[in-house]
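# Descriptive analysis of the structure
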Amino acid sequence: MTARPVAPLRIAACGVVSPAGYGLDELGAALHGRRPVCTDPAEIPGDEPMPEPVRAVPGLRAADHLGRKGTRYLDRTNTLGLVASMQALKSMAASGVDAADGAEGADERADMGVVIGTSTGSVRSSSEFARDTFVEDRPYLVNPGLFPNTVMNSCAGQIAIWNALHGVNATFSGGQLSSLQAVRYARNALALEQADRLITGGVEELSPQTVWAWRQSGSLPAETPVGEGCAVFVLERAADADSAETGAGDPPVEVLACDLAYAPAPDRRPRLLDALTAGVERAVLRSGIAPDKVTLASLSAAAEGSGEHRIEERAIRRVLGRMPDTIRVKEVVGECYSASGAMQLAAAVAHWRR
């Protein structure tokens, strides 16, 4: 396989909201068994029953984290995205890269945009709004204030509005690859100088609708918890980056490559192994580093010992010639679907910080 190295991206800052809590340090502590995660379905608003196990973000009330103004109609997806993005921007401000307020801050953010990966936006908001059109009194007295939450790109739009970001604004809906598609798009947009910095990541909310869908479909092992969370990264071109921290006192972190692979459904497992091997190999080649320099793999399989888990490890061994150290963030945060890739990256950064 031939693939040219690509220009790396610098992670200027990151924000994480997960069942472990708020921030990279909390996620890192949970990965190493030093912090419990929230398993209480009562954290999810509403009275609908949910099958367990689940992993929920604790204490996620918009007014508590964002203030009361403008938060009345925010749903859980938007709240996750806003809290994580504000974490990242505050981290940048603390490192002196971006002023948080005033004209100087506005100038710094003039070319900053947002790229978010999501399943379909908020499944709960969409389904409940649609239900209201049937059960409310005619002429269908739905609450118009809730309609913006039903739009797939609502989260990316809210992040831009709340933080006065006027650059590229994009949303990707690609299942479990959504976060990686967002990073790949951000890489291309930055390389083409369509933006100077991009808040990039993935978001997935926990709701009765999504939990029941997973359980009824049988596509997730029964012992694997359904989770939620959001992880975003402020990405910039490494060549002209003026930041050198992902958090207070941290040296820089770079994304060297981001590649995707596709495996057709028929005769799934052999093709999945070949496709995954090709994707890992291409990513290593485009990163410009030797396979023996890879020391950590952040794995994505939902359950250890499953067929997908073994295929993933076999693909990595094929490319690297060995199995490096591994972390499995889904064991901590559960199945976060469209946010999975972003959570894997956040887990790698959190592990490295520790």
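Before any of the text, the structure's been laid out above.
A brief report on the enclosed structure follows. Residue numbers here run from 1 along each chain, matching the order of that chain's written sequence. At least 70 in pLDDT is required for a residue's local features to be given in this predicted model, at least 80 for side-chain atom pairs to be given and counted, and no such filter applies to totals for whole chains, interfaces and linings, which use all residues. With hydrogens and water set aside, each side-chain value is computed from the structure's full complement of heavy atoms.

## A look at the pattern of salt bridges
What counts as a salt bridge is simple: a side-chain nitrogen of Lys or Arg found within 4 Å of a carboxyl oxygen of Asp or Glu. Across all of its chains, the model carries 15 salt bridges by this definition. Salt-bridge contacts for Glu254 lead to Arg10; the nearest nitrogen and oxygen are separated by 3.4 Å. Taken as a pair, Glu254 in strand β7 (residues 253-255) and Arg10 in strand β1 (residues 9-18) lie far apart in primary sequence, 244 residues in all. Its salt-bridge partner being Arg328, residue Glu313 comes within 2.7 Å of it at the nearest N-O pair. One end of the pair, Glu313, is in helix α10 (residues 307-320); the other, Arg328, is in strand β9 (residues 325-328), and 15 residues separate them in sequence. Within the structure, one salt-bridge network assembled from shared partners comprises Arg184, Asp259, Arg282 and Arg286. Runs of E in the DSSP output that reach at least two residues are strands. Runs of H or I that reach at least four are helices, and both are numbered from the N terminus.

## Overview of the packing of helix α3 (residues 76-94) against helix α6 (residues 154-163)
Here the axes come from fitting lines to C-alpha atoms, over the contacting stretch only for helices, and the angles between their N-to-C directions go from 0 to 180 degrees. Taken N-terminus to C-terminus, the directions of α3 and α6 make an angle of 45°; their axes are 9 Å apart at the nearest point. Taken together, the axis directions place α3 and α6 in an arrangement best described as oblique. Note on packing geometry: the crossing formed by α3 with α6 is right-handed. Across the interface between the two elements, Thr77, Asn78, Gly81, Leu82, Ser85, Met86 and Leu89 of α3 pack against Ser154, Cys155, Gln158, Ile159, Trp162 and Asn163 of α6. The nonpolar class holds Ala, Val, Leu, Ile, Met, Phe, Trp, Tyr, Cys and Pro. Asp, Glu, Lys and Arg form the charged class, and all remaining residues, Gly among them, are polar. For the contact of α3 with α6, the per-class residue count stands at six nonpolar, seven polar and no charged. An angle below 35 degrees is read as roughly parallel, one above 145 as roughly antiparallel, one from 65 to 115 as roughly perpendicular, and any other as oblique. Left-handed describes a crossing whose near helix is turned anticlockwise from the far helix by less than a right angle; the clockwise case is right-handed. Any two residues whose heavy atoms approach within 4.5 Å at even a single point are treated as in contact.

## So, the packing of aromatic side chains
Pairs were defined over the aromatic rings of Phe, Tyr and Trp, the Trp ring being its six-membered one, requiring ring centres within 6.5 Å. Orientation was assigned from the angle between planes: stacked under 30 degrees, edge-to-face over 60, tilted for the rest. Under the criterion given, the structure shown has three aromatic pairs. Aromatic side chains Phe172 and Tyr185 sit 5.0 Å apart centroid to centroid with 55° between the ring planes, which places their arrangement in the tilted category. Of the two residues, Phe172 is situated in strand β4 (residues 169-172) and Tyr185 in helix α7 (residues 178-191); the sequence distance between them amounts to 13 residues. Overall, Phe172 belongs to the partly exposed group, its relative accessible area being 22%. Any residue under 20% of the maximum accessible area for its type is buried, any over 50% is exposed, and the rest in between are partly exposed; the area is computed with a 1.4 Å probe on protein chains only.

## Some words on the environment of Gly167
With respect to the helices and strands, the residue Gly167 is situated in the loop between α6 and β4. As a C-alpha pair, Gly167 and Asp196 span 29 residues in sequence and 8.6 Å in three-dimensional space.

## Some remarks on the state of the cysteines
Disulfides are defined as pairs of cysteine sulfur atoms found within 2.5 Å of each other. The tally for this structure, following the rule as stated, stands at zero disulfides. You can see Cys155 has no disulfide; the closest cysteine sulfur is in Cys230, sitting 5.9 Å from it. Given the relative accessible area of 5%, Cys155 is considered buried.

## Considering the side chain of Lys330
For Lys330, the location among the structural elements is in helix α11 (residues 330-333). Look at Lys330 and you get buried, because its relative accessible area is 6%. A polar atom in the side chain of Lys330 sits 2.9 Å from the backbone oxygen of Ser300. Identification of polar contacts relies on pairs of N or O atoms within 3.5 Å, with a donor-acceptor requirement for protein atoms, meaning one able to donate a hydrogen and the other able to accept it, and with residues adjacent in sequence counted only if both atoms are side-chain atoms.

## A closer look at the nonpolar core
In terms of nonpolar packing, the biggest core is built from 37 residues, with Leu198, Phe233 and Leu235 touching the most fellow members. Among the secondary structure elements, those contributing two or more residues to this core are β1, α1 (24-31), α7, β6 (229-237), β7, α11 and α12 (340-353). The greatest single-element share of this core, amounting to six residues, is contributed by α12. The contacts of Leu198, once residues within four sequence positions are left out, are Gly113, Val114, Val115, Val168, Ala186, Ala189, Leu190, Phe233, Val234 and Leu235. Grouping buried Ala, Val, Leu, Ile, Met, Phe, Trp, Tyr and Cys residues that are joined through side-chain atoms within 4.5 Å yields what is termed a nonpolar core. Judged by nonpolar contacts, the second largest core, of 29 residues, contains Leu74, Met86, Ile199 and Val232.

## Some thoughts on unusual backbone geometry
Backbone torsion omega between Glu52 and Pro53 reads 5°, so that peptide bond is classified as cis. In this structure, Pro53 sits in the loop between α1 and α2 (62-66). Although it is not a glycine, Glu193 adopts a positive phi angle of roughly 60°. Within the secondary structure, Glu193 sits in the loop between α7 and β5 (197-204). Phi at Tyr337 is positive, roughly 50°, even though this residue is not glycine. Relative to the helices and strands, Tyr337 is located in the loop between α11 and α12.

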